[in-house]
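# Coordinates in review
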Amino acid sequence: MTLTISKLGDRLGAVAEGVDMNALKAGDAEALRGALLDNLVLCVRGQKLEPQAYFDAMGVFGKQMPQPSASSNHPVVKDLLILSSEDRDVLGDGKRIVVGAAWHTDDSYRAVPCSLTTLYGVEVPPTGGDTQFVNMYAAYDDLPDATKARIGPLRVVHKYDSSRKGNKIAKRTAEDMAAMPDVIHPMVRTHPVTGRKALYLNPNRMESVVGLARAESDALLDEMTAHATQLKYQYRHKWRQGDIVVWDNRCTMHKANGDYPQGARRYMLRVITEGTAPA
Ligand code: SIN
């Protein structure tokens with residue numbers, strides 16, 4: 001088997017084939033990391049890994065870190081998160097919940113969000129359940145100079161349970177909520193590895209722009225979100241069983257789609273890797 005990497009989308013996304021994450025060959029790790037940095041989203045096709053082996057294998061991309069949720073943690077490998085068609089709001093109304101159904105970047109409610117997310121498609125539905133991604137470098141690059149000058153110094157309050165959130169989120173315990181105070185991040189961040197600037201938005205967690213009146217803040221956040229989520233910045237991933245998709249939260253946003261047929265099963269395992277405070 002020889003590793004090949006090919007483009008998936010026009011603005012982001014690549015696929016790696018001819019690689020077994022159980023037994024990487026010399027040079028493959030470097031090539032995968034490079035492909036991720038260049039393409040922002042990387043799908044590694046055709047993998048078959050036990051949960052612990054998957055968790056360990058993701059160390060090739062970065063240092064794995066604990067997951068924020070307790071209710072959907074894997075029963076054996078506790079730092080793996082399960083995302084599934086069976087997800088329910090167990091502490092709330094008990095109803096079905098589609099995690100990440102609105103545009104977001106992972107973990108921005110933390111002072112130091114994860115850098116990468118990896119999602120392993122253990123079982124995927126026959127149709128639907130795609131994940132959409134946007135390229136936040138390109139969204140930033142295309143802004144008029146006057147807008148870049150305006151938003152460059154701005155900072156945004158991110159909140160776990162934002163009043164602006166676009167989808168229902170699972171109810172958390174009072175203890176969990178107390179451990180997640182609001183945080184402030186720049187609206188434009190510089191990627192610590194590539195040095196490129198990217199819009200740093202999370203429509204699901206952004207509460208307000210520091211120093212702006214509510215109406216002006218809402219208008220600006222809406223405008224930036226509408227700009228960044230245009231079709232021209234998107235890649236839409238259609239899952240195949242055995243795909244591991246890795247994305248860089250420092251320069252992308254993504255959203256899940258819960259549009260698969262009723263009764264179809266979607267079962268994914270998620271690992272996140274350590275990041276640095278956005279700057
Ligand atoms: C997520 O938002 O982290 C999940 C994406 C997905 O399930 O497609």
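As a reminder, the structure under discussion sits directly above these lines.
These notes cover the structure that comes with them. (Residues numbered from 1 in each chain as written. Predicted model: local features only at pLDDT ≥ 70, side-chain atom pairs only at ≥ 80, totals over all residues. Heavy atoms only, no water.)

This brings us to the site of the ligand. In the neighbourhood of the ligand, the contacting residues comprise Leu 83, Gly 100, His 104, Asp 106, Leu 119, Thr 131, Trp 247, His 254, Ala 256, Arg 266 and Arg 270. Within the side chain of His 104, a nitrogen or oxygen atom sits 2.9 Å from an oxygen atom of the ligand. Measuring from an oxygen atom of the ligand, one finds a side-chain N or O atom of His 254 at 3.0 Å. Taken together, the residues that form the shell around the ligand break down as four nonpolar, four polar and three charged. (Near = heavy atom within 4 Å. Polar contact = N/O pair within 3.5 Å; in protein donor to acceptor, adjacent residues only side chain to side chain. Nonpolar A, V, L, I, M, F, W, Y, C, P; charged D, E, K, R; others polar.)

What follows covers the sheet that holds strand β15 (residues 252-256). The pairing of strands in a sheet happens through backbone hydrogen bonds and is either parallel or antiparallel. The sheet built from three strands is open, its strands ordered β13-β7-β15 with antiparallel pairing. The two strands at the open ends of the sheet, each matched to only one other strand, are β13 (234-237) and β15. Strand-to-strand, the axes of this sheet are offset by a mean angle of 20°, without reference to chain direction. Judged from the five bridges that link them, strand β7 (residues 131-135) and β15 form a sheet pairing that is antiparallel. Counted as the bridge partner of Asn 135 is Thr 252 from β15. (Pairing = 2+ DSSP bridges. Helix = DSSP H or I, 4+ residues; strand = E, 2+ residues; numbered from the N terminus. Axes fitted to C-alpha atoms, helices over the stretch in contact; angles between N-to-C directions.)

Enumeration according to the criterion identifies four aromatic pairs in this entry. On the numbers, 4.9 Å between centres and 85° between planes, the contact of Tyr 109 with Tyr 160 is edge-to-face. Remark: Tyr 160 occurs in the loop between β8 (155-158) and α5 (174-178) and Tyr 109 occurs in the loop between β5 (81-84) and β6 (116-123); sequence separation between them is 51 residues. A single burial state applies to Tyr 109 and to Tyr 160, both of which are buried. Seen from their ring centres, Phe 133 and Tyr 235 are 6.5 Å apart, and the 10° between their planes marks the pair as stacked. Placement of Phe 133 in strand β7 and of Tyr 235 in strand β13 is noted, with a sequence separation of 102 residues between them. (Phe/Tyr/Trp six-rings, centres within 6.5 Å; stacked < 30°, edge-to-face > 60°. Buried < 20%, exposed > 50% of the residue type's maximum accessible area, 1.4 Å probe, protein only.)

Time to look at the side chain of Ser 162. Mapped onto the secondary structure, Ser 162 falls in the loop between β8 and α5. A polar contact is formed between the side chain of Ser 162 and the backbone oxygen of Met 206, at a distance of 2.9 Å. Non-local contacts of Ser 162, meaning those with residues more than four positions away in its chain, are made with Asn 204, Arg 205, Met 206 and Glu 207. (Contact = heavy atoms within 4.5 Å.)

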